[in-house]
Amino acid sequence: MAKYTVDNSHSHIGFQVKHMMVSKVKGSFEEYTAEVEAADLADLTTAKIGFTIDVASINTKSDDRDNHLKSPDFFDAEKYETIKFHSTSITGAESDYEVTGDLTIKDVTKPVTFDVTYNGKGTNPWGVEVYGFEGETTINREDFGLTWNAALETGGVLVGKDIKINLELELNPQA
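In this report, we go over the structure that sits alongside the text.

What counts and how
- Residues numbered from 1 in each chain as written.
- Predicted model: local features only at pLDDT ≥ 70, side-chain atom pairs only at ≥ 80, totals over all residues.
- Heavy atoms only, no water.
- Helix = DSSP H or I, 4+ residues; strand = E, 2+ residues; numbered from the N terminus.
- Buried < 20%, exposed > 50% of the residue type's maximum accessible area, 1.4 Å probe, protein only.
- Polar contact = N/O pair within 3.5 Å; in protein donor to acceptor, adjacent residues only side chain to side chain.
- Contact = heavy atoms within 4.5 Å.
- Patch = residues over 30% accessible without salt bridge, like charges linked within 9 Å, V, L, I, M, F, W, Y side chains within 5 Å.
- Areas by Shrake-Rupley, 256 points an atom, 1.4 Å probe, with all protein chains shown as cover.
- Salt bridge = Lys/Arg side-chain N within 4 Å of Asp/Glu carboxyl O.
- Pairing = 2+ DSSP bridges.

Description of the side chain of Ser 28
Summarising the element assignment, Ser 28 is placed in strand E3 (residues 23–29). Residue class for Ser 28 comes out buried when judged on its relative accessible area of 7%. Here the side chain of Ser 28 touches Glu 30 through a polar contact of 2.4 Å, side chain to side chain. Non-local contacts of Ser 28, meaning those with residues more than four positions away in its chain, are made with His 12, Ile 13, Gly 14, Phe 15, Ser 57, Ile 58 and Asn 59.

As for a nonpolar patch on the surface
The grouping of Met 20, Met 21 and Val 22 at the surface amounts to a nonpolar patch, some 310 Å² of accessible area in total. Secondary-structure assignment places Met 20 in the loop between strand E2 (12–19) and E3. For Met 20, a relative accessible area of 39% gives the class partly exposed.

Structural notes on the pairing of strand E4 (residues 32–38)
Residue alternation in E4 divides its side chains into a buried set, Tyr 32, Ala 34, Val 36 and Ala 38, and an unburied set, Thr 33, Glu 35 and Glu 37. Inspection of the sheet shows strand E1 (residues 2–6) paired to E4 by three bridges, in the antiparallel sense. Within E4, the residue paired with Lys 3 across the bridge is Glu 37.

Put into structure tokens, the structure is as follows:
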């Protein structure tokens, strides 16, 4: 099994959620690490995948919103510093996979399945092979203890329950 690292400068962990029932707020986590081992990344079924995300690195392009998301109303970043994911099974072939694993947010662990696309392999200008993947899933934030909300005068709520998570990853062999 070879080990791989995520090239953070060419990768992205993002999310989006409905705001006021009429638009979407998008954000990302800027700091994360990954532990990826595989016999061959071109066949993702051979992989073991683990991610650790620094909750305090959340970025929605609004300091006030980011601070609210870090507060006990949402992630409680001082108490629960990380979000973790560890794969438990990977199925599929060629370029389409389902990566199932345990997602932990605020000490609540639930199974989640990401639809993952293998985008291929290339060689960078320094002779290092790179592998590209995209993935997405949708979770109900309330299942993970992220229950804060506010009712709107016009009906509905300020923050939607469903969170779409999207990943764009470039992996390199670990040096």
